[in-house]
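The lines below spell out each chain.
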Amino acid sequence: MGSASTQTFTGRPAANPTFNVSGEEDAALSWGSGVCKWFNVRMGFGFLSMSGPVDKPLDVFFHQSKLHMEGFRSLREGEAVEFTYRKSSKGLESVRVTGPNGAPCLGSERRPKSSQIRRSKGDRCYNCGEPGHHAKECQLPPQPKKCHFCQSVSHMVAKCPAKAQQQQHSSPGFQGIATSPRDEEEERSQATASGSSE
């Protein structure tokens, strides 16, 4: 394969700025520059493509905790970076990642989906029933518990007569047409009215 070329990095601080391209390390920490190859915002890691000071690009692993920036730490693909790295048992691994000349990284606009959508549109407070907040954020004192199906305070959903009646009407053994309590009440009143008129 040929002899390994050793290159010395200049102009940047490092413990011993010598890196052997053949894979043997001469120092604990080395310095490099390049761009973000890709970054997974949900998992919080990615790879840098080191372009300088090596002959061919090398991939360097990085974790979001190593990024020099405020707030949500991330990199966008193609963002220029400088970094110190070391050789680990799994390959090259960054120790600190900054923007050009040690500036903070710019980061990506992308965020994990879980932080973008905190709750679905149907979420309501279990305490007051209002949308827009959860029970732990509710400003009202604890309210009486009520059935989630019919909103009655006299029973819970497990013993809800309206739910039991709906399940009975929609069961496969039922031959009639499923009706609501209001429809049944109208049928009774019509039957009573027709019975009294005779």
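Residues numbered from 1 in each chain as written. Predicted model: local features only at pLDDT ≥ 70, side-chain atom pairs only at ≥ 80, totals over all residues. Heavy atoms only, no water.

(A) Representation of the overall build of the protein in the model. For the protein, the count of helices and strands is three helices and seven strands. Counted from the first residue to the last, the protein has its helices and strands arranged as β-β-β-β-β-β-β-α-α-α. Within the protein, buried positions represent 27% of all 198 residues. Counting contacts in the protein only where the partners sit at least 6 residues apart, residues at least 24 apart contribute 40% of the total. When the accessible surface of the protein is summed, it comes to about 13,700 Å², and 52% of that surface belongs to carbon and sulfur atoms. (Helix = DSSP H or I, 4+ residues; strand = E, 2+ residues; numbered from the N terminus. Buried < 20%, exposed > 50% of the residue type's maximum accessible area, 1.4 Å probe, protein only. Contact = heavy atoms within 4.5 Å. Areas by Shrake-Rupley, 256 points an atom, 1.4 Å probe, with all protein chains shown as cover.)

(B) Structural context of the confidence of the model for the protein. In the predicted model, the protein carries a mean pLDDT of 74, and the fraction of residues at 70 or more is 68%. Highest mean pLDDT in the protein belongs to strand S7 (residues 91–98) (92); lowest belongs to strand S1 (residues 6–8) (38). Counted against residues more than four places away or in other chains, residues 1–27, with its pLDDT under 50, gives 42 contacts. A low-confidence stretch, residues 174–178 stays under pLDDT 50, and its non-local contacts, those more than four residues away or across chains, total four contacts. (pLDDT = per-residue confidence, 0-100.)

(C) Summary view of the packing of aromatic side chains. A complete count under the given rule lists six aromatic pairs for this structure. On the basis of an interplanar angle of 35° and a centroid distance of 5.8 Å, the ring pair of Phe 45 and Phe 61 is categorised as tilted. Of this pair, Phe 45 sits in strand S4 (residues 45–52) while Phe 61 sits in strand S5 (residues 58–63); the two residues are 16 residues apart in sequence, bridging distant segments of the chain. One aromatic cluster in this structure is built from Trp 38, Phe 45, Phe 47 and Phe 61. (Phe/Tyr/Trp six-rings, centres within 6.5 Å; stacked < 30°, edge-to-face > 60°.)

(D) The arrangement of the environment of Glu 130 in detail. Secondary-structure assignment places Glu 130 in the loop between helix H1 (113–116) and helix H2 (161–170). Setting aside its immediate chain neighbours within four residues, Glu 130 contacts Arg 124 and Cys 125.

(E) Main features of the UniProt feature "domain: CCHC-type" (unreviewed entry) in the protein. With numbering aligned to this structure, UniProt lists the feature "domain: CCHC-type" (unreviewed entry) at residues 124–138. Helix and strand shares over residues 124–138 are 0% and 0% respectively, and the end C-alpha atoms of the span are 10 Å apart. (UniProt positions renumbered as here; feature names shortened; annotations may be inferred.)

(F) Broad picture of the side chain of Ser 33. Structurally, Ser 33 can be placed in strand S3 (residues 30–40). Excluding anything up to four places from it in sequence, Ser 33 contacts Ser 49, Met 50, Ser 51, Gly 52, Val 81, Glu 82 and Phe 83.

(G) Structural context of the pattern of salt bridges. According to the stated counting rule, one finds two salt bridges in the structure shown. With its nearest N and O atoms 2.9 Å apart, the salt bridge here joins Lys 37 to Asp 59. Separated by 22 residues along the polypeptide, Lys 37 in strand S3 and Asp 59 in strand S5 bring together distant segments of the chain. The class for Asp 59 is partly exposed, based on a relative accessible area of 38%. Measuring nitrogen to oxygen at the nearest pair gives 3.8 Å for the salt bridge that ties Arg 86 to Glu 93. On the basis of relative accessibility, which here comes to 36%, the residue Arg 86 falls in the partly exposed class. By relative accessible area, Glu 93 is classed as partly exposed at 23%. (Salt bridge = Lys/Arg side-chain N within 4 Å of Asp/Glu carboxyl O.)

(H) Quick peek at unusual backbone geometry. One non-glycine residue, Asn 101, adopts positive backbone phi at about 60°. Here Asn 101 shows up in the loop between S7 and H1. The exposure class of Asn 101 is exposed, given its relative accessible area of 67%. Phi angles above zero are rare outside glycine, and Gln 151 is one such case at about 70°.

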